[in-house]
Amino acid sequence: MNAQPHRYGLESAWAAWNGSRDAGARDWLVVHYAGLVKFVAGRLSAGLPRSVDTGDLVSAGVFGLMNAIDRFDPAQRSEEHTSELQSHSDLVCRLLLEK
């Protein structure tokens, strides 16, 4: 018998992830923020050569998102998270240069 999937809201997903590292909550957060990753990748690709595939940007962005979710600490101040986002942005650029 299959268990019913847990339905999260944004706050409950973060609480479940931060509290017990619930993998279902992490997956929900990745899907929730995936649209933002796609939007940022599209904006970033507008300034890059056509040889850079937007799909590669999205893939690298999703890996960065997963890393950011794993490392997120609600006790940190928001300025520290902003600098972490910049480091993930730098990571995306490095991954593209390696291709």
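Every value quoted in this text rests on a predicted model; they were computed, and no experiment measured them.

> Let's hear about the overall build of the chain: which residues, and what values?
Secondary structure assignment for the chain yields four helices and zero strands. Listed N to C, the secondary structure of the chain is α-α-α-α in terms of helices and strands. Sorting the 99 residues of the chain into buried and exposed places 24% on the buried side. For the chain, contacts bridging at least 24 residues in sequence account for 47% of all contacts bridging at least 6.

> Go over the packing of helix α2 (residues 23–45) against helix α3 (residues 54–71), please, and point to the residues and values.
In contact at an axis separation of 8 Å, α2 and α3 are set at 140 degrees when each is read in the N-to-C sense. Considering the angle they form, α2 stands oblique to α3. When the axes of α2 and α3 are compared, the crossing they make is right-handed. For the pair α2 and α3, the contacting residues are R26, L29, V30, Y33, A34, V37, K38, A41, G42, L44 and S45 in the first and T54, L57, V58, G61, V62, L65, M66, I69 and D70 in the second. Considering only residue class, the contact of α2 with α3 consists of 13 nonpolar, four polar and three charged.

> Outline the pattern of salt bridges, supporting the account with residue identities and numerical values.
In this structure the tally under the stated criterion is one salt bridge. Here D70 ties to R26 by a salt bridge, and the two come within 2.7 Å at their closest N and O atoms. A residue pair is termed long-range when its members are at least 10 positions apart, and D70 in helix α3 and R26 in helix α2 qualify at 44 residues. Residue classification places R26 among the buried residues on the basis of a relative accessible area of 19%.

> Describe in detail the packing of aromatic side chains, supporting the description with residues and values.
Going through the model one piece at a time under the given rule, you end up with three aromatic pairs. Consider the rings of W14 and Y33, whose centres lie 6.4 Å apart with planes at 50 degrees: the pair is tilted. Of this pair, W14 sits in helix α1 (residues 10–20) while Y33 sits in helix α2; the two residues are 19 residues apart in sequence, bridging distant segments of the chain. Considering the side-chain rings of W14 and F72, the 4.6 Å spacing of their centres and the 50 degrees angle between planes classify their relative orientation as tilted. One end of the pair, W14, is in helix α1; the other, F72, is in the loop between α3 and α4 (78–98), with 58 residues separating them in the sequence.

> Hey, could you go over the side chain of R26 for me, with residue numbers and the actual values?
At 2.7 Å, the side chain of R26 and the side chain of D70 are in polar contact. Apart from residues lying up to four places away in sequence, R26 is in contact with W17, M66, I69 and D70.

> Please set out α1 residue by residue, giving values where relevant.
Within α1 the residues assigned to the buried category are A13, W14, A16 and W17. For α1, the angular spread of buried residues about the axis comes to 160 degrees, placing them on one side. Exposed side chains of α1 directed beyond 90 degrees from the buried face belong to E11, G19 and S20. Contacts made by the buried residues of α1 are with α2 and α3. Just downstream of α1, R21 is the residue with a positive phi angle, here 55 degrees.

Each value, and the rule that gives it
Every chain's residues receive numbers from 1 upward, in the order its sequence appears when written. Two thresholds apply to this predicted model, a pLDDT of at least 70 for residue-level local features and 80 or more for giving and counting side-chain atom pairs, whereas whole-chain, interface and lining totals are computed over all residues. Think of the side-chain values as coming from all heavy atoms in the structure, minus any hydrogens and water. Strands here are runs of E lasting at least two residues and helices are runs of H or I lasting at least four, both read from the DSSP assignment and numbered beginning at the N terminus. Residue burial is assigned from relative accessible area. The probe radius is 1.4 Å, only protein chains are included, and a residue is buried under 20% of its type maximum, exposed over 50%, and partly exposed in between. By definition in these notes, contact holds between two residues if any of their heavy atoms fall within 4.5 Å. Fitted lines through C-alpha atoms serve as axes, helices being fitted only where they are in contact, and the angles separating the N-to-C directions of these axes extend from 0 to 180 degrees. In these notes the angle categories are as follows: under 35 degrees is roughly parallel, over 145 is roughly antiparallel, 65 to 115 is roughly perpendicular, and the rest is oblique. Crossings are classed by handedness, with left-handed meaning an anticlockwise turn of the near helix from the far one by less than a right angle and right-handed meaning a clockwise turn. In the scheme used here, Gly and all other residues not listed as nonpolar or charged are polar, with Ala, Val, Leu, Ile, Met, Phe, Trp, Tyr, Cys and Pro taken as nonpolar and Asp, Glu, Lys and Arg as charged. We count a salt bridge whenever a side-chain nitrogen from Lys or Arg sits within 4 Å of a carboxyl oxygen from Asp or Glu. The rule is short: rings of Phe, Tyr and Trp, with Trp giving its six-membered ring, pair when the centres are within 6.5 Å, and they are stacked under 30 degrees, edge-to-face over 60, tilted in between. Throughout this description, a polar contact denotes any pair of N or O atoms lying within 3.5 Å of each other; where both atoms belong to protein, one of them has to be capable of donating a hydrogen while the other can accept it, and for residues adjacent in sequence the pair is counted only when both atoms sit in side chains. The arc in question is formed by the directions pointing from the helix axis toward the C-beta atoms.

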